[in-house]
Amino acid sequence: MSFVPLKYRTLENDIKYKGFLSYRHMRILAWLFLAMGQVGILLTFAGRINADAAKALGFWPNFFEWFQPLPLIFFLVANFALILQKKDNYLILLGVYGGLSAVMYLIATIVTFHYGYGLIYSFDKEFSAISFSNAIGSLLTKIGSVAYIFNIFIDLFLCSLMFFFLNYTPKKVFIGKKLIIFRLFILFPIFYEIASIVLKILGNTNVIIIPSYIFFLLTSKPPILFIVFLVLILGMKQREKQYRKRFKDEKEYSEHEKTNAHAFRVSISLAVLFIVGAVIDVIIFFITMMIHGIVTDLTNSNPETALDSMAFATSLGFGTTSPLLFVSPILLLFNYKKTHKDHRIDILIPFAGIGLVIFVYLEGLYQVITLNLPYLIKKLQEIFDGGGGGGGSEVPSESGGSESISQVQSAIRIIRGLIHL
């Protein structure tokens, strides 16, 4: 019996292998890795309060922080599977992710101004809300990729939007020759992603200040991950055209889509794209470092500036996708078509995930504070006396604004101290 390639398989000569991981498993893994990433933040926090604790913890903070990029990757894969399963329910997915994006944005903005600004204002009545927003935005920009992870639902919404414009066929408007206009709407989420990257670059190079209410609208995924998913959906659209030409009629094409071979081929495509994306990301990472002046600094034996260049490249989202190499083998066990009869569990997973993250923070902060209370009190005294906070911070000049730059710098000093305890 001659070998039949995966792309030519039908239900009659289908392969037996069927991935056992579904979109639900991807979501569960995403929430677990999200909680593990928060453990890394808490351990780092403990190390900054107490130098002895930092020595005792060793490599564990870095170990847990390595998991921080993984949640977004697994959430995107789960989203990808749901979109392919529910091609006729795009509006539901757009509504869910669009609504969650709006809710998370409102929560971040309200918490920032109500609690954050309220705290700072209680110490200094001269701080304006605009000064505080600019200070928070500036610090979050400097923190980089870890801070952007908050905007995960904006990424999922844009991903769903791209699938929608590329695959949905309108019934009334944009029909016939006008369909090309609808397809071109895919440029809107692409331009949004590009605008986010440009703002991150301008913010990290101190060309502009990104206020917190703008920062919370920026995308969180690394640029290379966006390119991977864009190539994926464009490639699948092109492959669909090729399949329709290869098979005699719609029935044969639909039959091929139901095969295990088709699902496995999609998983292979995802795994390969992730590996290629990780390699390209490393290349762009080093190019970004060189543009930032790393080559000259190394020849002058200036490792401190070299670390600054590495931090700059990382803050833009480059060099952070090595976990893609870890995810790729798992994708070979993934079946985007796998569904579950009881959908109530899907509703419970986000609540369980949020509860797990809250538990990690509550228990983690309790342990960190109770074990390091004397050191924490001392650090807070240094911050508000002007001795802590890590020194000054460059703040670009603002056009059309009447606020004092010293206010922003002072706010940054205090907030920086609170963040970098």
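Residues numbered from 1 in each chain as written. Predicted model: local features only at pLDDT ≥ 70, side-chain atom pairs only at ≥ 80, totals over all residues. Heavy atoms only, no water.

## Details of the overall build of the chain
In terms of helices and strands, the chain carries 20 helices and zero strands. Here the contacts in the chain between residues at least 6 apart in sequence split such that 82% fall between residues at least 24 apart. Summed over all atoms, the accessible surface of the chain reaches about 21900 Å², with 68% contributed by carbon and sulfur. (Helix = DSSP H or I, 4+ residues; strand = E, 2+ residues; numbered from the N terminus. Contact = heavy atoms within 4.5 Å. Areas by Shrake-Rupley, 256 points an atom, 1.4 Å probe, with all protein chains shown as cover.)

## With respect to the packing of aromatic side chains
Applying the stated criterion across every chain, the model contains 27 aromatic pairs. When the ring of Trp-60 is compared with that of Phe-64, the centres are 6.1 Å apart and the planes differ by 35°; the resulting orientation is tilted. One end of the pair, Trp-60, and the other, Phe-64, are both in helix H3 (residues 60–65), four residues apart, so they sit about a helical turn from each other. The buried category is assigned to Phe-64, whose relative accessible area is 18%. Ring-pair connections join several aromatic residues into one group, and the members of that group are Phe-33, Phe-59, Trp-60, Phe-63, Phe-64, Phe-67, Phe-74 and Phe-326. (Phe/Tyr/Trp six-rings, centres within 6.5 Å; stacked < 30°, edge-to-face > 60°. Buried < 20%, exposed > 50% of the residue type's maximum accessible area, 1.4 Å probe, protein only.)

## Digging into a nonpolar patch on the surface
A cluster of nonpolar side chains, Ile-180, Ile-181, Leu-184, Leu-187, Phe-191, Ile-194 and Val-198, forms an exposed patch at the surface whose accessible area comes to about 620 Å². When residues of the nonpolar patch are traced back to their parent elements, those giving at least two are helix H9 (179–184) and helix H10 (187–204). At four residues, the largest contribution of residues to the nonpolar patch is made by H10. When you line up the elements, Leu-184 lands in helix H9. By relative accessible area, Leu-184 is classed as partly exposed at 48%. (Patch = residues over 30% accessible without salt bridge, like charges linked within 9 Å, V, L, I, M, F, W, Y side chains within 5 Å. Salt bridge = Lys/Arg side-chain N within 4 Å of Asp/Glu carboxyl O.)

## Digging into the packing of helix H4 (residues 70–85) against helix H8 (residues 152–167)
How two helices pack is summed up by the angle between their axes together with the distance between the axes. Viewed as axis vectors pointing N to C, H4 and H8 meet at an angle of 30°, and their least axial separation amounts to 10 Å. The pairing of H4 with H8 is recorded here as roughly parallel in orientation. Classified by chirality, the crossing of H8 by H4 is right-handed. Here Pro-71, Leu-72, Phe-75, Leu-76, Asn-79, Phe-80, Ile-83 and Leu-84 of H4 lie close against H8, whose contacting residues are Ile-152, Asp-155, Leu-156, Cys-159, Ser-160 and Phe-163. (Axes fitted to C-alpha atoms, helices over the stretch in contact; angles between N-to-C directions. Parallel < 35°, antiparallel > 145°, perpendicular 65-115°, else oblique. Left-handed = near helix turned anticlockwise from the far one by under 90°.)

## Points about the confidence of the model for the chain
Here the chain averages 77 in pLDDT, and 80% of its residues register 70 or above. Across residues 387–405 the pLDDT falls below 50, and counting only partners more than four positions away or on other chains, this stretch makes 33 contacts in the model. (pLDDT = per-residue confidence, 0-100.)

## Observations concerning helix H18 (residues 344–371)
Residues separated by three or four positions in an α-helix point in the same direction, a consequence of the helix having 3.6 residues per turn. With 28 residues, H18 extends 40 Å between its outermost C-alpha atoms, agreeing within 8% with the 40 Å of an ideal straight helix rising 1.5 Å per residue. The set of residues buried in H18 consists of Asp-346, Ile-349, Gly-353, Val-357, Val-360, Gly-364 and Val-368. In the core, the buried residues of H18 are packed alongside helix H1 (23–49). (Expected span 1.5 Å × (residues − 1).)

## Overview of the pattern of salt bridges
Following the criterion strictly, the structure yields two salt bridges and no others. One salt bridge connects Asp-346 with Arg-24, and the closest N-O pair in it is separated by 2.8 Å. Taken together, the residues Asp-346 in helix H18 and Arg-24 in helix H1 connect sequence positions 322 residues apart. Arg-24 sits in the buried class, given a relative accessible area of 8%.

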